[in-house]
Amino acid sequence: MNNIKNFIESSQVPIVFNNMLDDWDPFKWNLDKWNSIFEHQSLDCRKGKITCTKEPLWENKCLHENHSFSEIIKMSNDIENSGQWLYFDYKYIGEKVDEKIFKSISWKKFGYENLGPKDSTLWIGSIGAHTPCHQDLYGINLVAQVHGKKRWILMPPEMGKYLKPSRIPYEESSCYSKINFSCPDNIQDIDDACRCVTVVLSPGDVLIVPHKWWHYVENLTTAVSINTWIQIPKYDNMARLSESLVRFMVSSICSGVSKNIQSRLLNPNEAFSSSMTAESINFIDQSIKIIKTEEDTTDSEEPDSTSLIKYQYKTYEPDQCLSKVEFDTKYHRHNHTISSLKPDLNTDISYRLLDSLCSDTVINQIVNSLIKED
């Protein structure tokens, strides 16, 4: 088990493992079974419309509505007429979903025997449901495709310079691209030097997203995924210091603007409070102490590939030109409509100030100043 764990944590490119979920009960459920599981539960969903705009459809511009599982299926079947999607996304099992139903979920096969349902999140969406292009700033992402198909477009961290990175809307540990990947026309405008990987996950597949790889994700069918994040101290300790600094910048700006502006600077799962600045300073102090006292760690041994022979897997090098990626799904061809929606914050000083203060260049300089030895 340690060998596959080392393989995952040392990989610099995405990996897809096949046929890994036979011992997961949810993998065996068809849509009728999923519908019966959630028959009496109202699901808090994001609702979006497929439009062709320069700016992504941020979460704070989506409708938030309660829907049944059957209504998610119906939305997929009616997408040609409605041009809309539903997404019950990023819900921790045990909080929004009954843990007992998902007790068979285990990440032991991947070397993480202590991770189970409570450490996993559930994603259920109709065709077209998507997450704007972003990078996770902590750890490694393990994503199990339980039902349906989902397309992933992934780019190495260094490709961020082509993706117009921004911390607005602010969400801890996520950096977003200002490019709307759900509109194919926008992809064609990206510099040809930007390289990517495209992967379509099918039921039974498990995707490994390496640390800080950018990704855009969309459902090609009604789809169900379950994921977990793996903490990697050698990356995460420094990332927590950077994120504490970003949070300090965000709280400083939000303290001087109206609630209306705050709501546009923050993702809905983030909320400004009067204690946010003091908490951020405390987090910064704690992070510095952890970094300065942590013991030197040696890199994990390179895995012996012969011991991985029992696994079906493929590694993916970023050998595709992002601007040439084909969006061949029916709803992309026929349901895109030009929207008059324009970015409403790009000219606001609070937006530009926060974006500047939270840029990698500024944050990295402050981090280096804080942790250097006297």
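Our subject is the structure that appears above.
Residues numbered from 1 in each chain as written. Predicted model: local features only at pLDDT ≥ 70, side-chain atom pairs only at ≥ 80, totals over all residues. Heavy atoms only, no water.

**Quick word on the packing of aromatic side chains**
Within a pair of aromatic rings, the relevant descriptors are the distance that separates the centres and the angle that separates the planes. If you walk through the whole model with that rule in mind, you get 19 aromatic pairs. Geometrically, the ring pair formed by Phe17 and Tyr313 is tilted, given 5.7 Å between the ring centres and 45 degrees between the ring planes. Taken together, the positions of Phe17 in strand S1 (residues 15–18) and Tyr313 in strand S16 (residues 312–315) put the pair 296 residues apart, joining distant regions of the chain. Ring plane angle 5 degrees and centroid distance 6.1 Å describe the contact between Phe38 and Phe69, whose orientation is recorded as stacked. (Phe/Tyr/Trp six-rings, centres within 6.5 Å; stacked < 30°, edge-to-face > 60°. Helix = DSSP H or I, 4+ residues; strand = E, 2+ residues; numbered from the N terminus.)

**Let's talk about the sheet that holds strand S5 (residues 84–92)**
A sheet is described by the order of its strands in space; here nine strands give the open sequence S4-S2-S5-S6-S15-S8-S13-S1-S16, paired in antiparallel fashion. Unpaired on one side and paired on the other, strand S4 (63–67) and S16 mark the two borders of the sheet. Strand after strand, the sheet turns through a mean of 25 degrees between neighbouring axes, direction not considered. Judged from the four bridges that link them, S1 and S16 form a sheet pairing that is antiparallel. (Pairing = 2+ DSSP bridges. Axes fitted to C-alpha atoms, helices over the stretch in contact; angles between N-to-C directions.)

**Regarding the state of the cysteines**
Disulfide: a covalent bond connecting the sulfur atoms of a pair of cysteines. Throughout the structure, instances matching the rule amount to one disulfide. Looking at the unpaired Cys358, the closest cysteine sulfur is the one in Cys175, lying at 9.5 Å. (Disulfide = S-S within 2.5 Å.)

**Observations concerning the sheet that holds strand S12 (residues 195–201)**
In any sheet, the strands associate via hydrogen bonds between backbone groups, in a parallel or an antiparallel arrangement. In space, the seven strands of this open sheet follow the order S10-S11-S7-S14-S9-S12-S17, with antiparallel pairing throughout. Strands with a single pairing partner mark the edges of an open sheet, and in this sheet they are strand S10 (165–171) and strand S17 (320–321). Alignment of strand S7 (residues 130–136) against strand S11 (residues 174–177), held across three bridges, turns out to be antiparallel. Residue pairing in the sheet places Asp136 in a bridge with Ser174 of S11. Across the face of the sheet, helix H6 (residues 233–254) comes into contact with S10 and S11 while running at roughly 70 degrees to S10. (Contact = heavy atoms within 4.5 Å.)

**Quick word on the pairing of strand S14 (residues 214–219)**
A large share of S14 lies buried, amounting to six of its six residues. Going residue by residue along S14, you find Trp214, Tyr216 and Glu218 tucked away on one face and His215, Val217 and Asn219 tucked away on the opposite face as well. The pairing of S7 with S14 spans four bridges and is classified as antiparallel. Directly across from His130, in S14, lies its bridge partner Glu218. In the sheet, strand S9 (residues 150–155) pairs with S14 via six bridges, with the strands oriented antiparallel. Bridge pairing in S14 places Leu154 opposite His215. (Buried < 20%, exposed > 50% of the residue type's maximum accessible area, 1.4 Å probe, protein only.)

None of the figures reported here should be taken as evidence of function without further support.
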